[in-house]
Amino acid sequence: MIELIAELPQDRWEVEALYDLCFAPGREALSSYRLRDDVAPVPGLSQVARDELGIVAGAIRFWPVHIGDKDALLLGPVAVHPTHQGEGLGGSLIRDSLAKAESSGWARVLLVGDAPYYQRFGFERLSGVEMPPPTNPLRVLGFALKPGAWDDVSGTVRRWQG
Ligand SMILES: CC(C)(COP(=O)(O)OP(=O)(O)OC[C@H]1O[C@@H](n2cnc3c(N)ncnc32)[C@H](O)[C@@H]1OP(=O)(O)O)[C@@H](O)C(=O)NCCC(=O)NCCS
């Protein structure tokens with residue numbers, strides 16, 4: 001049985017180890033990480049999935065960002081340990097966290113990722129929203145937690161200023 005639990009500060013290095021395992025070396029050089037420097041993941045939405053022995057099976061994090069005068073959540077990284085991939089855990093982490101984000105009052109979520117995976121959750125390509133370069137614009141995807149939340153939102157995604 002896998003349990004989803006809000007990430008706590010003491011979970012940090014177990015989650016980093018999972019991301020190191022699941023992503024190519026040098027992941028922190030990606031431009032999206034510049035939006036995360038010195039900003040804490042959003043508490044409550046960032047979650048860790050643990051198996052019955054307490055071993056980390058997956059994790060998801062969210063960061064707050066600004067786009068123009070609007071706020072958004074930046075989803076990611078999300079990863080599932082190779083021994084648990086294909087069991088629906090990635091989907092559970094994403095759907096559960098999006099529901100929590102909606103009930104917390106957030107309006108919109110964006111990410112940089114593979115559209116063939118994320119479109120099943122309702123993510124669509126965002127035009128006019130620019131991640132720090134170099135980012136392939138085809139991989140910039142958005143999800144509205146409130147109807148029309150991405151209408152008229154455009155500009156460069158900026159690091160959260162508090
Ligand atoms: C992507 C990831 C989080 C998915 O987690 P998961 O628990 O394996 O996913 P689920 O079980 O919910 O869904 C599995 C389905 O997603 C598909 N899928 C997984 N990664 C995909 C991708 N990059 N593009 C398209 N489809 C993908 C699988 O083929 C499978 O399809 P099916 O349902 O038709 O069989 C996981 O594979 C992972 O950690 N990958 C390495 C890190 C990574 O790439 N993270 C995402 C960054 S964009």
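Residues numbered from 1 in each chain as written. Predicted model: local features only at pLDDT ≥ 70, side-chain atom pairs only at ≥ 80, totals over all residues.

Per an unreviewed UniProt entry, the chain carries the name N-acetyltransferase and comes from Parasedimentitalea marina.

Participant: Explain the site of the ligand here, please?
Facilitator: In the neighbourhood of the ligand, 16 residues make up the surrounding shell, with Gln85, Gly90, Gly91, Gly113 and Tyr117 lying closest. Put simply, the parts of the chain that give the shell around the ligand at least two residues each are strand S4 (70–80), helix H2 (89–103) and helix H3 (115–118). (Near = placed C-beta within 6 Å. Helix = DSSP H or I, 4+ residues; strand = E, 2+ residues; numbered from the N terminus.)

Participant: What is the right way to look at the pairing of strand S8 (residues 140–144) in this model?
Facilitator: Summarising burial for S8: four of the five residues are buried, a large majority. Here five bridges tie strand S5 (residues 108–112) to S8, and the two strands are oriented antiparallel to one another. If you follow Leu110 over to S8, its bridge partner there is Gly142. (Buried ≥ 20, exposed ≤ 12 C-beta atoms within 10 Å, placed from the backbone. Pairing = 2+ DSSP bridges.)

Participant: Mind showing me how you'd approach the nonpolar core here?
Facilitator: What tends to happen in soluble globular proteins is that the nonpolar side chains get buried as a cluster. One finds Phe62, Leu73, Leu74, Ala101, Val109, Leu110 and Leu111 to be the most contacted residues of the largest nonpolar core, which totals 43 residues. Taken together, the elements giving at least two residues each to this core come down to helix H1 (12–22), strand S2 (47–50), strand S3 (56–67), S4, H2, S5 and S8. (Core = buried A, V, L, I, M, F, W, Y, C linked by C-beta atoms within 7 Å.)

Participant: Would you explain the environment of Ser154 in this entry?
Facilitator: Among the structural elements, Ser154 can be located in the loop between S8 and strand S9 (155–159). Owing to 13 C-beta atoms within 10 Å, Ser154 belongs among the partly exposed residues under this scheme. Not counting residues within four places of it along the chain, the set of residues in contact with Ser154 comprises Gly68, Gly128 and Val129. (Contact = placed C-beta atoms within 7 Å.)

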